Amino acid sequence: MAMKKIPMRKCIGCGEQKPKKALIRIVKNKEGEVFVDFTGKANGRGAYICNDKKCFDTAAKRNAFNRALETQIGDDVLQALRERLAEHE
């Protein structure tokens, strides 16, 4: 029996390729709302990040969320995402 292929995704903070299940997905849906998708199945454009505060801070500083999600994300949204990730740790 052939081994099942593990989907890999790139963290927008550190740039490392990791298994999709090990990363957290940030989503922008059709209405333009940006939120954390812990299931990994929500509709919309997604960006992946490690469950690490350092990766999040690096991505925020380099405007990686804005580029990956193709939208301008405000500081209030970034703060809310930071808090949601802190709750999940």
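This write-up is about the structure you can find in this document. (Residues numbered from 1 in each chain as written. Predicted model: local features only at pLDDT ≥ 70, side-chain atom pairs only at ≥ 80, totals over all residues. Heavy atoms only, no water.)

**Thoughts on the overall build of the protein**
- Across its full length, the protein carries three helices and five strands.
- Seen in sequence order, the protein has helices and strands lined up from the N terminus as β-β-β-β-β-α-α-α.
- Along the longest, intermediate and shortest principal axes, the C-alpha atoms of the protein span 50 × 30 × 25 Å.
- Here the contacts in the protein between residues at least 6 apart in sequence split such that 44% fall between residues at least 24 apart. (Helix = DSSP H or I, 4+ residues; strand = E, 2+ residues; numbered from the N terminus. Contact = heavy atoms within 4.5 Å.)

**Observations regarding the sheet that holds strand β4 (residues 34-37)**
- Spatially, the three strands line up as an open sheet ordered β4-β3-β5, and their pairing is antiparallel. Two strands lie at the open edges of the sheet, namely β4 and β5 (45-49), each paired on one side alone. On average, each strand axis in the sheet is inclined to that of its neighbour by 30°, with strand direction left out of account.
- Sheet topology note: the strand β3 (residues 24-28)/β5 ladder contains five bridges and is antiparallel. Each bridged residue has a counterpart across the sheet, and for arginine 25 the counterpart in β5 is tyrosine 48.
- Strands in contact with helix α3 (residues 75-88) are β3 and β4; relative to β4, the strand with the most contacts, it is inclined by about 10°. (Pairing = 2+ DSSP bridges. Axes fitted to C-alpha atoms, helices over the stretch in contact; angles between N-to-C directions.)

**As for the pairing of β3**
- Among the five residues in β3, five count as buried, and that is most of the element.
- Neither face of β3 is left uncovered, since the one carrying Ile24, Ile26 and Lys28 and the one carrying Arg25 and Val27 both have all their residues buried.
- Of the pairings in the sheet, the one linking β3 to β4 comprises four bridges and is antiparallel in character. Each residue of the ladder has a partner; that of arginine 25, found in β4, is aspartate 37.
- What sits between β3 and β4 in their antiparallel hairpin is a turn of five residues, with glycine 32 showing a positive phi close to 90°. (Buried < 20%, exposed > 50% of the residue type's maximum accessible area, 1.4 Å probe, protein only.)

**A look at the side chain of arginine 25**
- Within the element layout of this structure, arginine 25 appears in strand β3.
- A polar contact is formed between the side chain of arginine 25 and the backbone oxygen of alanine 42, at a distance of 2.7 Å.
- A distance of 2.9 Å separates a polar side-chain atom of arginine 25 from the backbone oxygen of glycine 44.
- With sequence-adjacent residues up to four places away left out, arginine 25 is seen in contact with Phe35, Val36, Asp37, Gly40, Lys41, Ala42, Gly44, Arg45, Gly46, Ala47 and Tyr48. (Polar contact = N/O pair within 3.5 Å; in protein donor to acceptor, adjacent residues only side chain to side chain.)

**A word on the pattern of salt bridges**
- The tally for this structure, following the rule as stated, stands at four salt bridges.
- A salt bridge links aspartate 57 to lysine 53, with the nearest nitrogen and oxygen atoms 2.9 Å apart. Pair noted here: aspartate 57 and lysine 53 are both in helix α1 (residues 53-61), with a separation of four residues, about one helical turn.
- Where salt bridges share partners, they join Lys53, Asp57 and Arg82 into one cluster. (Salt bridge = Lys/Arg side-chain N within 4 Å of Asp/Glu carboxyl O.)

Note that all results are geometric; they support no functional claim without further evidence.
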